[in-house]
Amino acid sequence: MIRLSHAAIRHPLRTLAIALLATFAAAPGLLRLELRTDGHSLVPRDAPAIVYDREVRDQLGVRDPIAVVIRTAHPEGALNPATLRRVVELTRALATLDGVEPFNVVSLATENTFRFRPGTFKLRTFLDPLPETPERLAELRSDLGRIGLYDGVLISKDGRATAVLVGTPPDVDRAEFYRQVREVAEGMAGPGSGPGDSIDVLGAPVAEALLGSHILADLGLPQAFLENAASTASTASTVGRTGPGLVPIVFAVMALVFLIAFRHPMAALTPLATIGACLVTTFGLMGWFGVPVYLTTTILPVILTAVGVTDQIHVYHRYGELRRSRPGLDPAALVRTTMDEMAWPVTQTWVTTAVGFLSFAISPLPPVQAFGLFAALGILVCLSWSLAVAPALLVLLKPKLGRARASAGGGALRGFYARLARGAIRRRRLVLAGAGLVLLISLDGVRRLVVQDSWVDGFAPESELAQAMHRFDRDFLGAHQLLVTVEAEPFAAKTEIAGAAVGEHRVELTGLRLPEGFDVSRLAASWIRIKARPAPEPTMSPASPAPPVPPAFVMPRDWSGSIESVERIGDRLVATLPLKAGSPHFWLNPSPGERLDVEIKREPFMNPALIRKVGELERFIASREAVGGVFGPAAYLSTTAFMADPDTPGSRVLPDYPEKARSYWRLYGSVRGPERLGQLVDRDYSRVVLTAFVKEPHYGTMGRLMTDLRAWERRHLAPLGLKLGFAGDIAVSQTLIGAIVTTQVRSLALSLGGVFVLIAILSRSVRQGLLCIVPSALAVLLSFAVMGWLGITLGVATSMFAGMTLGVGVDYVVHLVDRHRRAKADGLTADADAAGAAAEALAETGPPITIDTLGVGLAFSVLLVSQVPANARLGGLLAFSLLVCLAATLLIVPVLLAGGGDRSVRETDTPPA
């Protein structure tokens, strides 16, 4: 690295040209960038939860819905002719969008009532024909109330809004699909809308699609670089920011810090050029390598802007000190001396910062990997500019950095930090006891920390989407869905029996092969078919060539029904058949030795007992926190029974025997269509889906719900051979948030270990390795504690601060320890005066460390005004943790350095060139 700096000093113009060419070469990659914040794109496709979710969606045709909500100020509420006509038009328009299956568009215009079209046996929909008279409108309200399935789903609780739900097609660009849906919706909000009417477009797919664009707009980055920028044209209204954005503000803050600290325009312009080159190169390479801008990498511009140029603070500070102390040095020699001293600690700080970020790269999650790899890459770009471009510019421009700072002022500042070090060393027991007390107290806050996050939490509370989601959760059952599947093992087998095995209402199932450990009682309600084999064809005898007389027509001997129960009697397996199914012996009349074919097919959810158990599960889920309502087989089948006989009291019942269950399922398919039947139960009737509508699905709340469901499964479903599964947008989000938070917190241990090992190797001192991680570790622990005490939850964004704090905070100690080593090596203090070495080191490095912390802390503090709540919390945590790092570096590290006397750093220890 020193050789790189020397080459830049010898050939400054060539160095600048190479740096600019490298930046320009990466720049076209910006045009290839894509934005991908969809939940499914953020986790590995082979993650078990994602595989199961995909299986359920593919098998049952389930889609995440986008809700288009029409709100009206009409005195009659949403059930007025003008609004209902708009529902019909909107439904038709949405059904024509590319990839949309017509049966996945649900509204009052698609759902059947129990009334028939005149002169037919075909059910009509609620809006066919469009109700326009008071009598028809009253009938519509009555029918909706009697059916009861659509309150809170298609009609708001107050009756002033109605929704059209459109399923998001699989493997579609969700941002583009949202744009299409919004265009259709806005087209319906034009002429003909009543006063006060409005249309909202919302749902989990919308939140996932827009969150990345929302963050980018808040940061102030140009979306023209993104392929799908056109599809997020409404982001500005979603975010509501009218200012320049956060990244330009952070740019200005860092420039101002450099300008105030060093009193020269070059000190402000060079860091800005470094940051610009870093961002263009980093994101350009992401585009060239086809790495999307994930949700995790959208914050990289602020991070790289804040931490990428901190090393230049130390370079410029040392350059200014040498210029004042050695005024006769040639400018090139002055820069060379500066870089000879600074190249090694700057390189070490890059290594430690890179390790902090690279710890994320071990994650199995692509977005976390991308964050770690490209953050480290950006820091590498900044390092090359600090070691090459910055010295080249110093040689060319020969700035008089810090010329306005009087020597007396500089001496006073040095004296302050020297006294601070000596005072801390004299009171070492008090300092160390205080640090231990903070550490102990922090454990209480850490134990209070909880993981909590959601897609909507990423939007500003006043944003258009957040407000729309809040209104929907208030007026409807919930904007998010958790799909709960209940599964049982299907079973199918064939065997043959003798006629003697068939009784009046019992059949002995000889030769039936069952899986090992199979509970025969689970064959109850299975379908069974017993079929006599046809008589053999008569054959012609050679002695009588005349053809035989054809036999008279005989009815096929075939009986089918359901099994009431199965039990083992000795080594025999005997099935009991219900009386109402008739007698197979009477129907078949087999001879004792006749061979009969038997086919058994277990379709679990033809069993009324299992349907009733699923109904209990529906009620249990509906009683849980944040759940607005649940619809599943029990709710749909009982409503189907009511619709078949709406005028008979008590007709809303579940089937009480298998044949009735079969007829209910068939009736449901005819009322709602075969595709809707397929979304509720699979072809084997072995898997059913319950849809739970959820309000504000926070990670912690949904985690408790899913844990409660697993406990309910063990108590009530497992004894029946049933098991639960989870799918839908909430299940994917739970997997995503949990995986990202867990891997990022776990990466902290790797960061600590990696930084310790690298510093120990580079400095050839285990003690120095330990010293370097003490302030950052203490800062992270205290920050976690503050989060616990203040109720700040650990989410995707807030969990990122720990690794970044470690990577940045270690830099302070690296510079301090390196200066301590040089002070001892140069004989500036006696070995016996350990406090003198530490005081000299802090006097030299204290000012740039403080400027570094204040600059980076101010830059991260800009995030506090972010309209993305998660980013605001991240900025506050980073600023706080870096201030703790500064305090620990100024007070604790000098004590630890002095405590070892001449053993802390041997005089012979010199870093490799």
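Residues numbered from 1 in each chain as written. Predicted model: local features only at pLDDT ≥ 70, side-chain atom pairs only at ≥ 80, totals over all residues. Heavy atoms only, no water.

Undergrad: Give a description of the overall build of the protein that names residues and reports values.
TA: Broken down by element type, the protein carries 28 helices and 19 strands. Relative to its length of 913 residues, the protein is extended, with a C-alpha radius of gyration of 37 Å against a globular reference of 29 Å. When the backbone C-alpha atoms are referred to their principal axes, the protein occupies close to 130 × 70 × 60 Å. Taken over 913 residues, the protein has a buried fraction of 58%. By sequence separation, contacts in the protein at least 24 residues apart represent 80% of the contacts at least 6 residues apart. Accessible surface, the protein: about 37,000 Å² in total, of which carbon and sulfur atoms supply 61%. (Helix = DSSP H or I, 4+ residues; strand = E, 2+ residues; numbered from the N terminus. Rg over C-alpha atoms; globule rule 2.2 N^0.38 Å. Buried < 20%, exposed > 50% of the residue type's maximum accessible area, 1.4 Å probe, protein only. Contact = heavy atoms within 4.5 Å. Areas by Shrake-Rupley, 256 points an atom, 1.4 Å probe, with all protein chains shown as cover.)

Undergrad: Can you tell me about the packing of aromatic side chains, naming the residues and giving the values?
TA: For the structure shown, the criterion picks out 15 aromatic pairs. Consider the rings of Phe416 and Tyr417, whose centres lie 5.2 Å apart with planes at 80°: the pair is edge-to-face. A relative accessible area of 6% means that Tyr417 is categorised as buried. Cation over ring: Arg652 sits above Phe642, and NZ or CZ is 4.6 Å from the ring centre. (Phe/Tyr/Trp six-rings, centres within 6.5 Å; stacked < 30°, edge-to-face > 60°. Lys NZ or Arg CZ within 6 Å of the ring centre and 35° of its normal.)

Undergrad: Break down helix H19 (residues 608–622) for me, with residues and values.
TA: Taking 1.5 Å per residue as the helical rise, H19 with its 15 residues ought to reach 21 Å, and the 21 Å between its terminal C-alpha atoms agrees with that figure. Listed as buried for H19 are Pro608, Leu610, Ile611, Lys613, Val614, Gly615, Leu617, Glu618, Phe620 and Ile621. The residue sitting at the N-terminus of H19 and contributing the capping side-chain oxygen is Asn607; that oxygen lies 3.0 Å from the backbone nitrogen of Ala609. (Expected span 1.5 Å × (residues − 1). Polar contact = N/O pair within 3.5 Å; in protein donor to acceptor, adjacent residues only side chain to side chain.)

Undergrad: Can you break down the nonpolar core residue by residue, with the values?
TA: In terms of nonpolar packing, the biggest core is built from 249 residues, with Tyr316, Val486, Trp665 and Phe860 touching the most fellow members. No other element matches the 17 residues that helix H14 (residues 366–397) contributes to this core. Leave out the neighbours within four places in its chain, and Val486 touches Phe605, Val614, Leu617, Ser686, Arg687, Val688, Leu690, Leu717, Leu722, Lys723 and Leu724. Ranked by size, the runner-up nonpolar core spans 24 residues in total, among them Phe518, Val520, Leu573 and Val598. (Core = buried A, V, L, I, M, F, W, Y, C linked by side-chain atoms within 4.5 Å.)

Undergrad: Give a detailed account of the sheet that holds strand E13 (residues 558–562), specifying residues and quantitative values.
TA: What the 4 strands build is an open sheet, ordered E10-E16-E12-E13; its pairing is antiparallel. At either margin of the open sheet sits one strand with a lone partner, and together these are strand E10 (491–498) and E13. Taken pair by pair, the neighbouring strands of this sheet meet at an average axis angle of 15°, ignoring direction. Strand direction decides the pairing type here: strand E12 (residues 527–532) and strand E16 (residues 595–602), joined by 6 bridges, are antiparallel. Counterpart to Ala532 in the pairing with E16 is Leu596. (Pairing = 2+ DSSP bridges. Axes fitted to C-alpha atoms, helices over the stretch in contact; angles between N-to-C directions.)

Undergrad: Which residues make up the environment of Leu514, and what values do they have?
TA: Note on placement: Leu514 falls in the loop between strand E11 (506–508) and E12. On the accessibility criterion, Leu514 (21% relative accessible area) is partly exposed. Each C-alpha atom of the pair Leu514 and Ser454 lies 46 Å from the other, and the pair is 60 residues apart in sequence. The residues touching Leu514, leaving out its near neighbours within four places in the chain, are Phe491, Val520, Leu523, Arg568 and Leu573.

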